[in-house]
Amino acid sequence: MPAAVVVGGGIGGLAAAVALHRIGWRVTVLERAGAFGEIGAGLAIWPNAMRALAALGLAEPTAAVAGVETRGGVRDRAGRWLSRTDNGDVARRHGWPLLMVHRAELLGVLLTALPAELLRAGGEVRAVRPDGAGAVVEHAGGRVRADLVVGADGLRSRIRDQLWPEAGPPRYGGCTAWRTVTGPLAGRGTDGALFWGRGERIGFAALPGGRFYCFAAARMPEASPEDPHAGLVRRFGGWPDPVPELLAAVPEAAVLRHDVYETPPLASYVRGRVALLGDAAHAMEPTLGQGAGTALEDAVTLAACLRTDPDPDTALARYDRLRRPRTRAIARRSARLGAVGLAAWPPAAWLRDSAARLVPSRLLLRSMDPVLSWVPPEAAERGTPGGRVRTDA
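All values derive from a computational prediction rather than experimental measurement.

What counts and what doesn't
- Residues numbered from 1 in each chain as written.
- Predicted model: local features only at pLDDT ≥ 70, side-chain atom pairs only at ≥ 80, totals over all residues.
- Heavy atoms only, no water.
- Buried < 20%, exposed > 50% of the residue type's maximum accessible area, 1.4 Å probe, protein only.
- Helix = DSSP H or I, 4+ residues; strand = E, 2+ residues; numbered from the N terminus.
- pLDDT = per-residue confidence, 0-100.
- Contact = heavy atoms within 4.5 Å.
- Pairing = 2+ DSSP bridges.
- Core = buried A, V, L, I, M, F, W, Y, C linked by side-chain atoms within 4.5 Å.

Participant: What's the story with helix 2 (residues 47-55) in this structure? I'm lost.
Facilitator: Since the α-helix turns once every 3.6 residues, residues separated by three or four places project in the same direction. With seven of nine residues buried, helix 2 is to be regarded as a mostly interior element. Residues Pro47, Asn48, Ala49, Met50, Arg51, Ala52 and Leu53 constitute the buried set of helix 2. Just past helix 2, the residue glycine 57 takes up positive phi, approximately 75°.

Participant: Would you take a moment to explain the confidence of the model for the chain for this structure?
Facilitator: Detailed conclusions should not be drawn from predicted coordinates in areas where pLDDT is low. Of the residues in the chain, 96% have a pLDDT of 70 or more, and the chain-wide mean is 94. Confidence over residues 385-392 falls short of pLDDT 50; this stretch has 24 contacts with residues more than four positions distant or in other chains.

Participant: So what exactly am I meant to see when it comes to the pairing of strand 5 (residues 71-75) here?
Facilitator: A regular strand places its side chains so that they alternate between the two faces of the sheet. Counting buried residues in strand 5 gives four out of five residues, a clear majority hidden from the surface. By the bridge criterion, five bridges tie strand 5 to strand 6 (residues 81-86) in an arrangement that is antiparallel. The residue bridging glycine 72 from the neighbouring strand is threonine 85, located in strand 6. One ladder, built from two bridges, connects strand 5 with strand 14 (residues 193-196); its direction is parallel.

Participant: Help me understand the sheet that holds strand 3 (residues 42-45), please; the structure alone is not making it clear to me.
Facilitator: Paired through backbone hydrogen bonds, the strands of a sheet run either parallel or antiparallel to each other. Across the sheet, three strands lie side by side as 3-7-4; this open sheet has antiparallel pairing. The open sheet is flanked by strand 3 and strand 4 (67-68), the only strands paired with a single partner. One ladder, built from four bridges, connects strand 3 with strand 7 (residues 99-102); its direction is antiparallel. Following the sheet pairing, leucine 43 is matched in strand 7 by valine 101.

Participant: Whenever I open this one, the nonpolar core confuses me. Can you help?
Facilitator: The nonpolar side chains of a soluble globular protein tend to be buried, and buried together. Membership of the largest hydrophobic core comes to 70 residues, with the highest contact counts inside it found for Leu20, Ile45, Val128, Leu148 and Ile159. Aside from chain neighbours lying at most four places away, what touches valine 128 is Ala135, Val136, Val137, Val149, Ile159, Gln162, Leu163 and Val274.

Have a look at this one:
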């Protein structure tokens with residue numbers, strides 16, 4: 001039985017562990033923290049991500065802890081609608097609606113799909129060395145040899161730094177982001193919205209239990225000192241309804257604030273028997289809500305390649321061919337849309353808002369087809385309705 005070590009116990013790492021375990025690999029998951037858990041707020045599960053979860057046998061458990069956003073759209077700084085979207089159109093076009101889930105609850109779904117003995121918390125990785133047709137991983141609890149090492153250790157990936165030194169550090173994206181979840185609010189429904197200002201944006205989406213996931217961003221210098229909750233309220237507390245009500249329902253300790261970074265483009269996501277996935281390979285701006293989705297796609301694709309090709313080196317080369325062009329295209333698109341949403345120059349912001357009013361919502365949804373129509377490689381090879389594996393975005 002081939003053995004894999006997955007470095008990182010976040011969404012991408014656990015999804016890779018589930019996928020490899022399902023195809024008969026012996027898997028060990030090393031998580032640096034003392035326990036498996038997700039520090040985060042909400043995330044969007046678009047149809048492409050749900051197809052990946054379905055391939056893992058986890059679509060139904062995920063849907064059970066997620067909420068469906070009924071309607072959404074974009075509003076200007078004065079609260080006027082620039083465009084509106086109906087989530088029913090997403091479901092009709094792509095087979096799944098847009099779901100919203102708390103990161104911790106999605107992580108819980110993934111954890112329940114893995115035997116506990118595969119999980120090693122407090123397993124900080126210190127070094128990875130090639131070793132014949134495999135690699136040796138040295139970690140806080142000892143060392144282990146594997147036929148495959150999966151680097152799913154996030155934006156500041158130690159695996160990438162060690163084995164891809166030419167890539168350099170992540171690049172600052174020019175903005176700071178806030179994420180938080182409100183307490184339960186009665187009577188707010190399940191509609192969401194995104195507000196565009198000048199150099200600032202804030203949005204919200206419904207979660208189960210009457211909670212709302214709030215997310216915001218602003219152009220500001222890197223590493224600016226600011227209290228997360230105070231900064232969020234100071235910048236956005238006077239925006240149009242329902243933003244003040246939502247922020248008033250946010251516990252002070254529940255606000256996460258972080259600068260946004262992008263991973264420099266890599267020449268390959270594979271080096272020997274080590275493969276990167278998720279933010280370790282392609283951290284991107286959160287504008288399209290595809291960070292978790294592309295990590296789930298990575299995990300499913302990696303396992304599919306290893307299952308269908310008896311030669312791991314050939315399988316890993318195929319994984320790279322399938323994933324790198326697609327994720328780089330989505331990262332570029334996220335960066336472009338992020339720049340539009342954070343336009344600070346008044347004429348540019350006015351042109352952006354005017355254009356948004358003129359573009360029909362059906363064209364906006366159609367423009368997302370290259371991202372949302374992804375299907376797992378095996379389904380694409382069978383000609384499953386719903387599209388093919390997209391390498392453009």
